Each structure stands twice: as C-alpha cells, then as structure tokens.
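Fold and contact review
If you want the building blocks of each chain, they are given just below.
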Amino acid sequence: MSTQYFGKNGWTPERIKNLHGKTYLITGTNTGAGFEAARMLLSKGAEVVMLNRSEEKTLKAIDSLKESIGSHIKVSFIKLDLSSLSSVRRAAEEVIHKIPHIDALICNAAVAQIATRTLTADGFEMQLGVNYYAYFLLTQLLFDKIEQSKGRIVYVSSEGYKMGLKRIKFEDMNFNEGYAPNTAYAQSKLALMVFAYELQRRIKKAQKQVKVYVCHPGAAKTSLIRPNAPWLTRATWWILAHSPLVQSAEKGAYPEVMCATEENLKQEAFYGPTGFMQWSGPVGECKVEPFVFDETAAAKLWAISEEATHCKWTF
Ligand SMILES: NC(=O)c1ccc[n+]([C@@H]2O[C@H](COP(=O)([O-])OP(=O)(O)OC[C@H]3O[C@@H](n4cnc5c(N)ncnc54)[C@H](OP(=O)(O)O)[C@@H]3O)[C@@H](O)[C@H]2O)c1
C-alpha cells in the first residue's frame, strides 16, 4: 500500500474503525506520543495496557484520559522499567498471565540525548539499553503470545537512526570510548530498526503470522529532551519546538497508531510524516536508508543481543 492510498492528507485517525474487543500494549504512555496514542485507541473503544515505569505518573495520565474520554475506558497498568532486564522479565510475565490477547505491542518509550554517559542496571549504555536491548528481550518474551493472537509489533524509531556513525559500533557498542549523546541515541534507534527488519525476515522464513512495522513520529512537541540533555540540545530544541517545523505530540502519535491499526500495510517500510525533512506533513511511507536492511549486520546484532539479554529465540 503506498502513501498515495491515504490521499493528499496522508493517514489520519478518522481511518480507525471501532476497536471494541481489541487490546493494545504501549510502552511510555504517561506523556508524549505514547499518551496520545493511548488516547486515540481508547477513544475508539480499545483496551490499552500501559507499560510504564512510574505508577504515580501513570495514575495521573489515566485520570486525565478518563476526564477527557469518560470513566468507562478500559485502561490498565503494568510496571515496566526498560533500563532493567529483570523488570522487563517481570513485566512480560505479568502480561502473559493477565492479558489474554494482544492485538499490538507498541514499543514507543525511549530516552534521548543523555549528556553524560550513563549505564542501565545491566551495564549497557543507557540509550542502547532502554531503546534497543530491552525491546529485543520484551519481544522475545511476548512473541508466542502475540503469535497466538495473530497480532503485530510496532517499533517507534527516529529519523536520528541515520545520524551518528550510520552503523552499529560492534567493536564498542556501549561507548566505553568516544561517547557522544546523539551518536549513542542514533545507534540505539538504528539497532532497533536493523533488529525489526531482521525479525520480519525470520518470521517469514518460519512461516509465523506476527506482523512487524517500523515508524517514527517526525519532530513532535513532547518531553523527549529532558534536563539531562546537553544545554545546547535543550536550547536548540526549545527554539525548534516553538517553530512551525515541529508538530504536536498528537500528530507525532499518528504513525504508531496507523501501524497498530491499519490493514494491509507493507511491512518492509518505514512510516512517518512525509513532509519537509520527514519532520511533519502527511503520514505515509518515508524514505529509508538501505543500511537498515543490512543482513550481515543484523545477524551479528541478533547473536550479540541474545547473549547480552540472556535469551534465545527458537526461530
Ligand atoms: N519527540 C520527537 O520529536 C521524537 C523524534 C524522533 C523519535 N521520537 C521517538 O518517539 C517515541 C516517543 O517519545 P516522545 O517524543 O513521546 O518522548 P517523551 O514525551 O519523553 O515520552 C517518552 C516515554 O518513555 C518513557 N520512558 C523513558 N525511559 C523509560 C524506561 N526506562 N522505562 C519505561 N519507560 C520509559 C517515559 O516515561 P517517564 O515519563 O517516566 O520518563 C515516557 O513515557 C520515542 O521512541 C522517541 O525516541 C520522538
């Protein structure tokens, strides 16, 4: 299906049908694009399971959603801190026991532009650990459940994947040397994409049914740039966020909601806004660099990730 299929305005939420009976799991829904995605899905009658790290922020988000949509909405919370593999394992176990059916797992939460190199509980560079390794493990743990549900997985990446080194720094993935916030963020989002397209190829080979989509929100007014980002990044982002180049958090959520709900989307693609710099504009299929489909890099990354996260895929 091409971008043109949606018309000159691209994909918009008016295309979402009634979602009663459908269940969506979304990471990072207390704010930003994840919160807006939850709002869109809930307002169409879906059930949303929020996979967030903060119970306090989640309860506030739920209150705000109930206020705007109604107290009847079907929303629940499972604690997940992506910076800890044991938290990922606990959350996955809870999902498997409590959630009978998964129509889509939306891997939305991320951290970006951390000024000082920081490590996760498992010793990974923070952006690589949260934005990639945690999703590699979460996907492996929930895959059978999603397969039984004939569901899909949506990975939220970034145009940032093509900045930085434009490759996985296999010789030093945790940036023991030469750490730079943007370079490490770029690697984490590239790793997520290389993994996602490899997962698509493996699913096809194994004749499984899970569909995998990759998207990005463009440039969206969210809280992604936090006080722990370099001051120059914060200042530049502040200026950009007050310009027409940056769109609302709600529009930033369109691509992930489209990938979670739209029928007959091509999988080997990158979805997001298609306007200037792919930062905003009609949502559809974006241009993507060929190195995200590098099968040699993907096989190497897969093997390293299995070892790093202590998990083993069976296909
Ligand atoms: N905004 C943009 O312009 C832009 C551009 C390109 C790509 N993206 C991507 O869009 C996605 C959504 O981000 P956003 O812009 O909406 O940013 P955001 O407003 O900062 O939302 C990020 C979400 O991730 C959660 N999160 C962070 N670390 C976590 C952890 N360790 N465990 C669990 N959850 C964690 C945050 O929870 P807390 O509030 O508890 O920290 C928050 O809910 C991300 O994948 C981001 O990389 C955004």
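In case you missed it, the structure is sitting above this.
What counts and what doesn't
Residues numbered from 1 in each chain as written. Predicted model: local features only at pLDDT ≥ 70, side-chain atom pairs only at ≥ 80, totals over all residues. Heavy atoms only, no water. Near = heavy atom within 4 Å. Polar contact = N/O pair within 3.5 Å; in protein donor to acceptor, adjacent residues only side chain to side chain. Helix = DSSP H or I, 4+ residues; strand = E, 2+ residues; numbered from the N terminus. Buried < 20%, exposed > 50% of the residue type's maximum accessible area, 1.4 Å probe, protein only. Contact = heavy atoms within 4.5 Å. Expected span 1.5 Å × (residues − 1). Core = buried A, V, L, I, M, F, W, Y, C linked by side-chain atoms within 4.5 Å.

**With respect to the site of the ligand**
The immediate surroundings of the ligand are formed by 31 residues, with N30, R53, N108, Y185 and T222 found nearest. The separation between a nitrogen atom of the ligand and a polar main-chain atom of L82 is 2.9 Å. A distance of 2.8 Å separates an oxygen atom of the ligand from a polar atom in the side chain of K189. Looking at the shell around the ligand, the elements with two or more residues in it are α1 (32-43) and α5 (181-205).

**Let's talk about the environment of F293**
Relative to the assigned elements, F293 resides in the loop between β8 (283-285) and α8 (295-309). A relative accessible area of 24% places F293 in the partly exposed class. Spatially, the C-alpha atoms of F293 and A196 are 9.5 Å apart, while their sequence positions differ by 97 residues. If we skip the residues at most four places from it in the chain, F293 touches Y197, R201, E268 and V288.

**Describing α1**
Taking 1.5 Å as the rise per residue, α1 with 12 residues should run 16 Å; its terminal C-alpha atoms sit 17 Å apart, in good agreement. Burial of α1 is extensive: 10 of the 12 residues sit out of reach of the surface. All of the buried residues in α1 are G32, A33, G34, F35, E36, A37, A38, M40, L41 and L42. Looking at the buried side of α1, the elements it contacts are β1 (23-27), β2 (47-52), α2 (55-69), β3 (74-79), β4 (104-107) and α7 (249-261). Just past α1, the residue G45 takes up positive phi, approximately 95°.

**Description of the nonpolar core**
Note that soluble globular proteins tend to have their nonpolar side chains buried in a common cluster. Core analysis: the largest hydrophobic core is formed by 61 residues, its most contacted members being L25, L105, Y132, I153, Y155, F195 and L199. Going through the elements one at a time, β2, α3 (85-98), β4, α4 (126-148), β5 (152-156), α5, β6 (211-215) and α8 are the ones with two or more residues in this core. Residue contributions to this core peak at 13 residues, all from α4. Setting aside its immediate chain neighbours within four residues, L199 contacts T139, F143, I153, Y155, V212, W302, W313 and F315. Within the second largest apolar cluster, 37 residues are counted, among which are Y24, A46, A253 and L265.

So yeah, pure geometry; function would need other evidence.
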